[in-house]
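Below are the chains, spelled out letter by letter.
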Amino acid sequence: RTSTSSSHLLGFKHSGEVVVGREKHRANRMKTDDEIAKMSYRIVTLMDLAGHEKYLKTTIHGVSSGMADYSLILVNSRHPPTHMTQHHLNLCCSYGIPVVVVFTKVDGCPEHALSTSRKEVAKLLKSPEINKRPFRIKSEADITTCIGKLASLAPTIDVSCVTGHGLALLRKLLFTLPKRRRHEKKVGRPFEFLVDDVFNNVPGVGSVVSGFVNAGELAVGSHSYVYVGPTDDGTFLKTVAKSAHIARINTTHVTSGQSACLAFSLNKEQRKKLRRGMVVVTESPTSTKEFDAEICVLKGEGTTIRESYQAYVHILNVRQTAYARDIKIVNTNNLGLPPSHGARADPDGIVLRPGSRARVTFEFAKRPEYIRPGMRMLFRDGRVRGVGLVTAIPSKAS
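Reference entry: report on the structure contained in this document. (Residues numbered from 1 in each chain as written. Predicted model: local features only at pLDDT ≥ 70, side-chain atom pairs only at ≥ 80, totals over all residues. Heavy atoms only, no water.)

1. Observations concerning the overall build of the protein chain
Thought 1: When you go through the protein chain residue by residue, the secondary structure sums to 7 helices and 23 strands.
Thought 2: For 398 residues, the compact-globule estimate of 2.2 N^0.38 gives 21 Å, and the protein chain sits close to it at 23 Å.
Thought 3: Counting only C-alpha atoms and orienting by the principal axes, one finds that the protein chain spans roughly 65 × 60 × 35 Å.
Thought 4: Per-residue burial over the protein chain gives 47% buried out of 398 residues.
Thought 5: Excluding contacts between residues fewer than 6 apart, the proportion of contacts in the protein chain whose partners are at least 24 apart in sequence is 69%. (Helix = DSSP H or I, 4+ residues; strand = E, 2+ residues; numbered from the N terminus. Rg over C-alpha atoms; globule rule 2.2 N^0.38 Å. Buried < 20%, exposed > 50% of the residue type's maximum accessible area, 1.4 Å probe, protein only. Contact = heavy atoms within 4.5 Å.)

This is the structure in structure tokens:
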């Protein structure tokens with residue numbers, strides 16, 4: 001059972017063949033990520049996220065901060081999809097990530113069981129919240145047909161890891177899928193690096209953070225001054241980015257769209273302040289405890305939201321508990337969702353029900369965070385309750 005998010009590189013040659021992970025002459029030795037990267041014409045990064053309900057928090061964080069282009073949702077063909085399949089589909093659609101459904105274990109699966117699973121998945125995909133048509137892929141011609149239509153179609157593929165059935169088609173699909181996110185368009189913006197993990201005492205190096213370059217570019221070295229934060233009191237640490245690694249290869253320059261590690265020159269007290277969810281920026285950093293967001297409450301059992309509602313908020317790599325301080329009903333639409341319904345005014349104030357949309361002022365419970373308008377957010381209290389878009393940062397809060 002997967003409880004952590006891990007990533008793996010899949011390399012393709014110019015012809016579409018997979019770069020084999022094992023060495024030719026020493027079969028027991030696996031190639032490292034940098035060896036696969038050097039030999040590949042095209043690289044696909046696979047992120048393995050937890051499927052079990054117990055680890056939903058980890059999965060939401062992985063989807064929120066992983067900058068995924070596409071999602072592969074695995075369904076056991078011998079059993080109908082569970083409520084977690086519904087959650088994962090909702091989660092991907094909330095972030096606008098196209099979905100590919102993979103039916104596993106089709107070898108020896110009774111025909112009636114596979115047929116039932118297909119019908120149940122089709123019912124989930126056609127529901128109003130997801131609104132996609134299933135499209136079964138049986139040949140390479142089907143892949144070409146569906147490539148440009150993934151906004152409305154959800155390809156489904158049958159695979160078996162025992163007999164190898166369907167794996168060649170799945171690899172072909174992964175090779176053919178176009179890059180969806182265009183990070184190169186963000187190179188001209190100010191540098192912004194999202195911290196995913198912190199390594200405090202790397203021998204001979206010091207403090208190292210790993211994460212994703214969300215915007216801009218940075219040349220590291222002794223004169224590369226950056227701000228790391230916000231710390232618990234909302235301030236930023238000014239430091240030097242000494243060196244950088246991409247796929248374990250030393251580099252002097254990082255640019256938007258790359259996953260990288262940065263080494264900082266920090267003293268012992270400053271190292272203790274590093275945490276996940278921070279950002280590294282080069283100019284005018286601000287932190288805030290309050291922000292305005294336009295939200296939509298997803299359909300679910302017993303969801304009622306009013307002022308002082310407390311939820312766990314995910315905004316890219318930031319995750320923290322927040323309170324709803326103020327709620328206003330809106331019918332303008334930033335998210336492209338149907339008109340608001342289900343919201344009503346009680347004697348105690350406005351109450352939001354599933355399907356309603358509102359502009360809400362949230363306040364973080366513990367510490368200020370770095371966020372800016374335009375970031376997508378998701379909030380939950382156990383299960384996923386709603387999605388939204390950060391619209392403004394109150395001037396007094398920043």
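Picking up where we left off.
2. Focus: helix α4 (residues 111-126)
Thought 1: The end-to-end C-alpha separation of α4 is 23 Å, in line with the 22 Å expected for 16 residues at 1.5 Å each.
Thought 2: Among the residues of α4, A113, L114, S117, R118, V121, A122, L124 and L125 are the ones counted as buried.
Thought 3: For α4, the elements touching its buried residues are β3 (71-76), α3 (83-94), β4 (99-104), β5 (133-136) and β6 (153-158). (Expected span 1.5 Å × (residues − 1).)

3. Topic: the pairing of strand β23 (residues 383-392)
Thought 1: Burial of β23 is extensive: 7 of the 10 residues sit out of reach of the surface.
Thought 2: The sheet contact formed by strand β16 (residues 290-297) and β23 spans 6 bridges and is antiparallel. Bridge assignment links C296 to a residue of β23, and that residue is V387.
Thought 3: Bridge analysis of strand β22 (residues 376-381) against β23 gives 6 bridges, and the strand direction is antiparallel. The residue of β23 that forms the bridge with M377 is G388.
Thought 4: The antiparallel pairing of β22 with β23 creates a hairpin that spans 1 residue between the two strands, and G382 there sits at a positive phi of about 95°. (Pairing = 2+ DSSP bridges.)

4. Digging into the sheet that holds β22
Thought 1: Sheet architecture is closed into a barrel: 6 strands sit in the order β16-β21-β18-β17-β22-β23, paired in antiparallel fashion. Taking each pair of neighbouring strands and ignoring which way they run, the sheet shows an average axis angle of 45°.
Thought 2: Bridge count for strand β17 (residues 310-315) against strand β18 (residues 318-329) is 6 bridges, and the pairing is antiparallel. In the strand pairing of β18, Y312 is matched with T321.
Thought 3: Seen against the sheet, helix α2 (residues 56-65) touches β17, β18, β22 and β23 and runs at an angle of roughly 40° to β17.
Thought 4: Here α3 sits on the sheet in contact with β22 and β23, set at roughly 5° to β23. (Axes fitted to C-alpha atoms, helices over the stretch in contact; angles between N-to-C directions.)

5. Some thoughts on the environment of V254
Thought 1: Locating V254 in the fold gives a position in strand β13 (residues 253-255).
Thought 2: Taking relative accessible area as the criterion, V254 reaches 0% and is therefore assigned buried.
Thought 3: Remark: the alpha-carbon pair of V254 and L218, spanning 36 residues in sequence, is separated by 5.4 Å.
Thought 4: Apart from residues lying up to four places away in sequence, V254 is in contact with F191, V213, E217, L218, A244, I246 and A260.

6. Focus: the packing of aromatic side chains
Each aromatic ring pair is summarised here by two numbers: the centre-to-centre distance and the angle between the ring planes.
Thought 1: Under the criterion given, the structure shown has 5 aromatic pairs.
Thought 2: Centre to centre, the rings of F291 and F362 are 5.5 Å apart; their planes meet at 25°, and the pair counts as stacked. Within this pair, whereas F291 is found in strand β16, its partner F362 is found in strand β21 (residues 357-364), the two being separated by 71 residues in sequence. The pair F291 / F362 is uniform in exposure class, with both members buried.
Thought 3: When the ring of F291 is compared with that of F364, the centres are 5.3 Å apart and the planes differ by 40°; the resulting orientation is tilted. Here F291 is found in strand β16, whereas its partner F364 is found in strand β21, with 73 residues between them in sequence. Across the pair, exposure class does not vary: F291 and F364 are buried alike.
Thought 4: Grouped by ring-pair contacts, the aromatic residues F291, Y309, F362, F364 and F379 constitute a single cluster.
Thought 5: Residue placement shows K238 over the ring face of Y225; its charged tip is 5.3 Å from the ring centre. (Phe/Tyr/Trp six-rings, centres within 6.5 Å; stacked < 30°, edge-to-face > 60°. Lys NZ or Arg CZ within 6 Å of the ring centre and 35° of its normal.)

7. Here's the deal with the pattern of salt bridges
Thought 1: Evaluation of the coordinates by the stated rule reveals 15 salt bridges.
Thought 2: In this structure, E294 engages R359 in a salt bridge whose closest nitrogen and oxygen atoms are separated by 3.5 Å. Highlighted residues: E294 in strand β16 and R359 in strand β21, separated in sequence by 65 residues.
Thought 3: For E294, a relative accessible area of 1% puts it in the buried group.
Thought 4: The partner of E369 in a salt bridge is R367, and the shortest N-O contact between them spans 3.8 Å. Of the two residues examined, E369 and R367, each falls in the buried class.
Thought 5: Via salt bridges that share partners, D232, R275, R367 and E369 belong to a single interconnected network. (Salt bridge = Lys/Arg side-chain N within 4 Å of Asp/Glu carboxyl O.)

8. Details of the pairing of β6
Thought 1: The buried count for β6 comes to 6 of 6 residues, which makes it a mostly enclosed element.
Thought 2: With burial as the criterion, each face of β6 is covered, one bearing L153, P155 and I157 and the other bearing A154, T156 and D158.
Thought 3: The pairing of β4 with β6 spans 3 bridges and is parallel. Bridge assignment links V101 to a residue of β6, and that residue is T156.
Thought 4: Of the strand pairs in this sheet, β5 and β6 are connected by 4 bridges, and their pairing is parallel. Its bridge partner lying in β6, P134 is registered against A154.
Thought 5: Viewed along the sheet, the connection from β5 through helix α5 (residues 140-146) into β6 turns out right-handed. (Right-handed = clockwise from strand over helix to strand, strands pointing away.)

Just distances and angles here, no functional claims.
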